[in-house]
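If you want the building blocks of each chain, they are given just below.
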Amino acid sequence: MEDDDGQDYVDKSRVLNVQPLRCLAPIFPSTPSFPSFPHPQAASPFMCPPPAGHFPPGFASFYPFSGYPDSHNMQTPMPFGFNGSIPAVPINSFRSGANGDAGSSGRSSRNPGPSQYEEEDGYSDWVHVNEGEDSSKAATKKKRIPKRVRAGSGQDINVASSDVDLDAMVDKIVESFNLMDFDAFKRADGDKDSVGYIRMIYDLLRRKLSQIEDSKESTPGVTRRPDLRAGTILMNKGIRTNVKKRIGVVPGVEVGDIFFFRMEMCLVGLHAPIMAGIDYMGLKVSQDEEPVAVSIVSSGGYEDNSEDADVLVYSGQGGNINNKGMEITDQKLERGNLALEKSLHRGNEVRVIRGVKDIANPTGKIYVYDGLYKIQESWVDKGKSGCNVFKYKLVRLSGQPEAYTVWKSVQQWKDGSTGRVGVKSHDLTSGAESIPVSLVNDVDDEKGPSNFTYYPGLKYLKPVNSNESSTGCGCHGGCLAGNSSCPCIQRNGGNLPYTTNGVLVSQKPLIHECGSSCLCPPSCKNRVCQSGLKIRLEVFKTKDKGWGLRSWDPIRSGAFICEYAGEVIDITSAEELRCVNDDDYIFDATRTNQPGEGFLNASNETLKIPFPLIINAKHAGNVARFMNHSCSPNVFWQPVLRENSKECDLHIVFYAYRHIPPMTELTYSYGIVPPDRADQRRKKCLCGSAKCLGYFY
């Protein structure tokens, strides 16, 4: 509105027009026994409501996504670990008429519309499901999951059925983790280990499901969502942590942690709604309860102002949208907006998760946990459509580790607006890699590694004969996941070892990639580690461990990082170097991982190599020689055999154990030596891990 002078006028009193919470009764259950349907006349305690509407015949209410068991089925025992816990939210909540509630999680008002939305997670994160149809039917029944959910846009979401015994597959994955001590306490209140385990189990299951879906023919109009499917399965099995909703710090989740799927945040208790941007809970005030915000997700696709790394101006939720994605009604002070307003006056901490673009996936988002903020002020502003939109200014609390600030700094280095401090060389590889590798030292005066030449591959002093014939494949257009006649796929156990986006599904004794004897092109999905570096790396001087390696880019769990390059030597030469104390840059593939490191190996099979591969990278090698040891590594190595009919073409390739934020040092375990060489000298370990053994070989 305008005043008499024609100046824009904001009526801030509208923000403070707070109605008693019981006025919002239509969105709450009517009794404390948590029935499935609201009663419009009842004033009830605040809670996250279950999905509205009856479930179709043959399907029970989708627990735990429905929040609580159906009142008519209360005799059904609750799954272990779900008592008063954070409800994950069904997709059916995301409809035009129910926006923004943390219980229904529908933040459809922040949906820019079908023609303008930004896809998140590599999929559309803004799918509106028709009223009366419920994606939460995905509760497993007789080891089956409903095939599809009809979306409001006419698109099907495959949440997907298959002939695979999902329960057996999940049990096998869970058994590969040491969860014997993962009791009810860690489900209610997690720690770093439990959060890490849950995230790795989820991502391994998601990749397994992706592998299954990749082997099938695509169906027009169907979007496969292994991320939602994996989360649904784990929720139903009670495999989650931090189930109690809380204000402030979430145990085991650290500032700067990154998430590639919103379901990950739900499983570890960081942000409960799968799609809604505002998560809130009820607090007892006198005889009533009032909502307070506990976390928000700023995905970057709306009118939020996120230019300042320590200040976020967050747009509210609500208001109907037209078919062009424009709001056509004013937002109301209810649900998430009301919770934010209450948090302003109460002064409680709010967790902020910022969404940034995934450079490896133009349609995807990466979610960065930026720590705790407090709401400083609120007002009403005119949105792009001319309708009133609530605005909330959040300020980051001091003393927290840097998170989003790091992302902004890296972006400035990339676009050249700010120089990287301490750069000794802008490209250590001298053009040998398609992506430059910076050499940085802001610790002392050392200019770089001495007597070293960058070399991106392996130098075999003599050919190594293969014990097995390798004819290669004839897939002229590239190997297809569902092609059971492809010899390369057969050697990998009947499946491609990578998902469509090039992520390793799981650790294996030996991976067979296509090689020189194959007819497939360089773009083949089974040649992931053959095209050089794919991420921007930096060799940097550490304070106490010499040179180290880290990435400017975020790295997804299972993603290819690099291979170990250098000169292949025999055991005799390696022993000679060890005797003269000159084995600092030798990689010995006959070593095995430290006990307890096989997080990604659901088969628990030991690594297998065709011959004892030993690589010396002292004088010639690549970035891998700069990776330091850690007793709690974030990188693991894997033998990869490239099909070659003439000789054995074996390589050692490094992949990410878990999601790795930018500017985090990359480390792997140097492993343990065979028992007959256990008398070899040990070196003092300086990894600083809580699980540090104090030494490494």
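Residues numbered from 1 in each chain as written. Predicted model: local features only at pLDDT ≥ 70, side-chain atom pairs only at ≥ 80, totals over all residues. Heavy atoms only, no water.

Under an unreviewed UniProt entry, the protein chain has the name SET domain-containing protein and belongs to Gossypium tomentosum.

S.K.: What exactly am I supposed to notice about the overall build of the protein chain here?
M.R.: Scanning the protein chain from N- to C-terminus turns up nine helices and 28 strands. Split into buried and exposed, the 697 residues of the protein chain put 56% on the buried side. The long-range fraction of contacts in the protein chain, counting pairs at least 24 apart against all pairs at least 6 apart in sequence, stands at 70%. A total accessible area of about 29700 Å² is found for the protein chain, and carbon and sulfur atoms account for 50% of it. (Helix = DSSP H or I, 4+ residues; strand = E, 2+ residues; numbered from the N terminus. Buried < 20%, exposed > 50% of the residue type's maximum accessible area, 1.4 Å probe, protein only. Contact = heavy atoms within 4.5 Å. Areas by Shrake-Rupley, 256 points an atom, 1.4 Å probe, with all protein chains shown as cover.)

S.K.: Whenever I open this one, the packing of helix H3 (residues 192-214) against helix H4 (residues 226-236) confuses me. Can you help?
M.R.: Running from N to C, H3 and H4 cross one another at 130°; their axes reach a closest spacing of 9 Å. As far as their axial angle goes, H4 and H3 are oblique. Here the hand of the crossing between H3 and H4 comes out right-handed. In contact with Ile201, Tyr202, Leu205, Arg206, Leu209, Ser210 and Glu213 of H3, H4 contributes Pro226, Asp227, Arg229, Ala230, Gly231, Ile233 and Leu234. (Axes fitted to C-alpha atoms, helices over the stretch in contact; angles between N-to-C directions. Parallel < 35°, antiparallel > 145°, perpendicular 65-115°, else oblique. Left-handed = near helix turned anticlockwise from the far one by under 90°.)

S.K.: So what exactly am I meant to see when it comes to the packing of aromatic side chains here?
M.R.: Aromatic ring pairs are described here by two measures, namely the spacing of the ring centres and the angle between the planes. By the definition in use, this model includes 15 aromatic pairs. With a centroid separation of 6.2 Å and an interplanar angle of 35°, the aromatic rings of phenylalanine 587 and tyrosine 668 are classed as tilted. Remark: tyrosine 668 occurs in strand E26 (residues 667-668) and phenylalanine 587 occurs in strand E20 (residues 586-588); sequence separation between them is 81 residues. An aromatic cluster is defined as three or more aromatic residues linked by ring pairs; in this entry it consists of Tyr564, Phe587, Trp637, Phe654, Tyr668 and Tyr670. (Phe/Tyr/Trp six-rings, centres within 6.5 Å; stacked < 30°, edge-to-face > 60°.)

S.K.: Can you walk me through the pattern of salt bridges in this structure?
M.R.: When the charged atoms of two side chains lie near each other, side chains of opposite charge can form a pair. Using the criterion set out here, one finds 26 salt bridges in the structure. Arginine 206 serves as the salt-bridge partner of aspartate 203, at 3.2 Å between the closest nitrogen and oxygen. Of the two residues, aspartate 203 and arginine 206 are both situated in helix H3; the distance of three residues between them amounts to about one turn of the helix. A single burial state applies to aspartate 203 and to arginine 206, both of which are buried. (Salt bridge = Lys/Arg side-chain N within 4 Å of Asp/Glu carboxyl O.)

S.K.: I'm lost on the sheet that holds strand E21 (residues 614-616) in this one. Help?
M.R.: Pairing between the strands of a sheet comes from backbone hydrogen bonds, and it takes one of two forms, parallel or antiparallel. Pairing is mixed across the open sheet formed by four strands, whose spatial order is E14-E19-E21-E20. Taken across any chain shown, the strands that pair with only one partner, and hence form the sheet edges, are strand E14 (458-460) and E20. Averaged over all neighbouring strand pairs, the angle between strand axes comes to 30°, with direction disregarded. Alignment of E20 against E21, held across three bridges, turns out to be antiparallel. Of the residues in E21, the one forming a bridge with phenylalanine 587 is isoleucine 615. Of the strands in this sheet, strand E19 (566-569), E20 and E21 are in contact with helix H9 (residues 571-579), which crosses E19 at around 110°. (Pairing = 2+ DSSP bridges.)

S.K.: Help me understand the nonpolar core, please; the structure alone is not making it clear to me.
M.R.: The nonpolar side chains of soluble globular proteins are, as a tendency, buried together. Leu205, Leu209, Leu234, Val253, Phe259 and Leu270 are the most contacted members of the largest nonpolar core, which has 45 residues in total. Secondary structure elements with two or more residues in this core: helix H1 (166-175), H3, H4, strand E4 (258-259), helix H5 (262-267), strand E8 (350-358), strand E9 (361-382) and helix H7 (404-415). Per element, the largest residue contribution to this core is eight residues, and it comes from H3. No fewer than three residues from each of domain 1 (165-216 + 223-243) and domain 2 (245-319 + 328-418) sit in this core. Ignoring any residue separated from it by four or fewer positions in sequence, one finds leucine 209 in contact with Leu166, Met169, Pro226, Arg229, Ala230 and Ile233. If you look at the next biggest cluster of nonpolar residues, it comprises 41 residues, including Trp547, Ala559, Ile561 and Met627. (Core = buried A, V, L, I, M, F, W, Y, C linked by side-chain atoms within 4.5 Å. Domains from an automatic or database assignment.)

S.K.: In this structure, what is going on with the side chain of serine 315? I would like to understand it.
M.R.: By the element assignment, serine 315 lies in strand E7 (residues 311-315). Look at serine 315 and you get buried, because its relative accessible area is 3%. Polar side-chain contacts of serine 315 include one of 2.9 Å to the side chain of lysine 391. (Polar contact = N/O pair within 3.5 Å; in protein donor to acceptor, adjacent residues only side chain to side chain.)

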